[in-house]
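# Notes for the structure review
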Amino acid sequence: MSAGGYRDIVTDGLVFQVDPSNNLSDNVTNVKNIVTPNMVGSMDNGLVVTNNNYICDGVDNNIDFGDVLDMGTSDYTIESWINISANSGNDWFISKAIAAVSDYRFGFGISNSKLFSVIDGSPSAALTGKLPLGDTVLTHEVWFQVTMVIDRSASISYRINGQAESLTSDADISAWDGQTFNSAESLRVGAYTDSGGTNPSNAFNGLLGLQKIYNRVLTQSESEQNYEATKHRFQ
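An account of the accompanying structure is given in this report. (Residues numbered from 1 in each chain as written. Predicted model: local features only at pLDDT ≥ 70, side-chain atom pairs only at ≥ 80, totals over all residues. Heavy atoms only, no water.)

## Considerations on the side chain of Asn83
By the element assignment, Asn83 lies in strand E7 (residues 76-84). On the basis of relative accessible area, Asn83 is assigned to the buried category, the value being 5%. Beyond its immediate sequence surroundings of up to four residues, Asn83 is in contact with Glu141, Val142, Trp143, Phe204, Asn205, Gly206 and Leu207. (Helix = DSSP H or I, 4+ residues; strand = E, 2+ residues; numbered from the N terminus. Buried < 20%, exposed > 50% of the residue type's maximum accessible area, 1.4 Å probe, protein only. Contact = heavy atoms within 4.5 Å.)

As structure tokens, then:
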């Protein structure tokens, strides 16, 4: 059926897709980006796939892809299927950032079970990074498709299961429109990078499913399409 029939995920602008249920991702000791299979991440510190999910321990296991997928001047949309086991601080699903003030970092995760993100332009010391916080407390042990839209000319926005989420803090990033977001940090699934720039930190505690990145803004109807196309796997 066509994409309008909600059988297929949106592929226009898709630059990154890893899927614990798809053998094209390998998911043994390494994980391949299905869109670009020669982009390979290492499953570090005991990360495993069980029942077609990445099992994240909240300590240090993650998938480390190295320095790939800089945002450049593009908009970005990050979509993650998540199932939280526990959360009391800032834990991350996808990040290209270190835990220190730095130019051109971004990450998407949760803080006290609410959607949370970070983005810094340049110079980060002069332009305070944005840390938008969602309004909804996500129930633990329940699957959600969560979306972060980075509209470089406007703001960051969130969606839960394809529906718009309210934010409780400033998300305007228009000051960085046109800047080239390039950094030397690792793209990680399931964790952040510590201030030393080497080791994982703030790891996600729970299950991760399908993870996608687009190099453009997805509309709400496209997020709804992705939700309808994949929700059967998580119910």
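## Quick word on the pairing of strand E12 (residues 156-160)
Taken across its five residues, E12 has four buried, putting it largely inside the fold. Sheet analysis places strand E11 (residues 143-150) next to E12, joined by five bridges and oriented antiparallel. Looking at the pairing, Thr147 lines up with Arg159 of E12. In this structure, the hairpin formed by E11 and E12 is closed by a connection of five residues. The sheet contact formed by E12 and strand E13 (residues 163-165) spans three bridges and is antiparallel. (Pairing = 2+ DSSP bridges.)

## Describing unusual backbone geometry
One non-glycine residue, Asn51, lies in positive phi territory at about 50 degrees. The class of Asn51 is exposed, set by a relative accessible area of 69%. One non-glycine residue with positive phi stands out, namely Asn161, at about 50 degrees. Locating Asn161 in the fold gives a position in the loop between E12 and E13.

## Considerations on the packing of aromatic side chains
By the definition in use, this model includes eleven aromatic pairs. Ring geometry for Phe16 against Phe65: centres 5.1 Å apart, planes inclined by 80 degrees, an arrangement best described as edge-to-face. Placement of Phe16 in strand E1 (residues 14-18) and of Phe65 in the loop between strand E6 (62-64) and E7 is noted, with a sequence separation of 49 residues between them. With respect to burial, Phe16 and Phe65 carry one shared label: buried. Look at Phe108 and Tyr158: their rings are 5.8 Å apart centre to centre, the planes differ by 25 degrees, and that puts the pair in the stacked class. Here Phe108, found in strand E9 (residues 106-111), pairs with Tyr158, found in strand E12; they are 50 residues apart in sequence, far enough to count as distant. A relative accessible area of 0% means that Phe108 is categorised as buried. (Phe/Tyr/Trp six-rings, centres within 6.5 Å; stacked < 30°, edge-to-face > 60°.)

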